[in-house]
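Each chain is listed here by its residues.
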Amino acid sequence: MKPIDLRELLLVDHRRLEQLSEQLQDAFDADAREDTQALWTELERRLEAHFKVEERLLFPRFGNLDATETRALSAEHRLLRERLAELGVGVDLKAVRADVARGFLDMLRAHAAREDVLLYRWANEALAEEAGQVADALGGPVTPSGVEGAALSPAAPRAGRGSRDRAAPTAGQAPRRA
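Residues numbered from 1 in each chain as written. Predicted model: local features only at pLDDT ≥ 70, side-chain atom pairs only at ≥ 80, totals over all residues. Heavy atoms only, no water.

A.B. asks: Which residues make up the overall build of the protein chain, and what values go with them?
C.D. replies: Helix and strand counts for the protein chain come out as 5 helices and 0 strands. In the protein chain, the succession of α and β elements from N to C terminus is α-α-α-α-α. Burial analysis of the protein chain (178 residues in total) assigns 45% to the buried set. Long-range pairs, those at least 24 residues apart, make up 82% of the contacts in the protein chain between residues at least 6 apart in sequence. (Helix = DSSP H or I, 4+ residues; strand = E, 2+ residues; numbered from the N terminus. Buried < 20%, exposed > 50% of the residue type's maximum accessible area, 1.4 Å probe, protein only. Contact = heavy atoms within 4.5 Å.)

Structure representation (structure tokens):
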């Protein structure tokens with residue numbers, strides 16, 4: 001049996017989150033409030049699970065290699081959680097505009113691209129033996145063929161999506177704030 005590619009496993013989860021983000025943005029753009037609320041709840045759940053995997057399984061070891069970047073990624077997680085909670089209240093009240101949601105989703109995409117550059121490439125080599133544990137924490141083994149649009153990168157732009165066309169941050173850059 002072929003060993004699990006940890007980087008691909010994490011990128012597949014990013015692609016799942018990206019697909020959910022695109023559905024959510026489409027619901028915001030269409031002013032489909034009930035769909036927006038259900039999709040937002042799902043994004044909150046799946047994003048929190050993803051963050052927990054990274055924080056529990058990747059950050060402690062990566063912190064031994066690069067404490068500064070680990071603190072920066074942790075700070076981004078805190079910021080994203082805070083913004084997710086703030087906007088979640090607005091979604092419940094049906095008070096979040098599509099452009100505000102787009103700004104948050106763009107910030108999430110920039111974070112995902114940064115994680116790939118900084119964390120996932122390292123984790124694939126350094127933590128190969130923990131790939132099964134990561135797969136279990138993400139809900140079981142995944143393969144690129146198991147995700148629609150798996151050829152997309154975490155920050156792949158789609159035509160007509162405005163600020164998604166911006167370049168992903170480099171290793172030393174913080175994600176752009178919306």
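A.B. asks: Could you give me a rundown of the pattern of salt bridges, with the residues and numbers involved?
C.D. replies: Proximity of charged atoms lets side chains of opposite charge pair with each other. Counting across every chain of the model gives 17 salt bridges. For Arg-97, the salt bridge is made with Asp-99, and the minimal N-O distance between the two is 3.0 Å. Here the residues in one salt-bridge network are Arg-7, Asp-116 and Arg-121, joined through shared partners. (Salt bridge = Lys/Arg side-chain N within 4 Å of Asp/Glu carboxyl O.)

A.B. asks: Explain helix α3 (residues 67–92) to me, using residue names and the numbers behind them.
C.D. replies: Taking 1.5 Å per residue as the helical rise, α3 with its 26 residues ought to reach 38 Å, and the 37 Å between its terminal C-alpha atoms agrees with that figure. For α3, the full list of buried residues reads Glu-69, Thr-70, Leu-73, Ser-74, Glu-76, His-77, Leu-80, Leu-84, Leu-87, Gly-88, Gly-90 and Val-91. Its buried side turned inward, α3 meets α1 (6–29), α2 (33–65) and α4 (98–126). Directly beyond the C-terminal end of α3, a positive phi value near 60° is found at Lys-94. (Expected span 1.5 Å × (residues − 1).)

A.B. asks: Explain the packing of aromatic side chains to me, using residue names and the numbers behind them.
C.D. replies: Using the criterion set out here, one finds 3 aromatic pairs in the structure. Ring centres of Trp-40 and Phe-104 lie 5.7 Å apart, and the angle between their planes is 45°; this geometry places the pair in the tilted category. Highlighted residues: Trp-40 in helix α2 and Phe-104 in helix α4, separated in sequence by 64 residues. Judged by relative accessible area, which is 2%, Trp-40 ranks as buried. (Phe/Tyr/Trp six-rings, centres within 6.5 Å; stacked < 30°, edge-to-face > 60°.)

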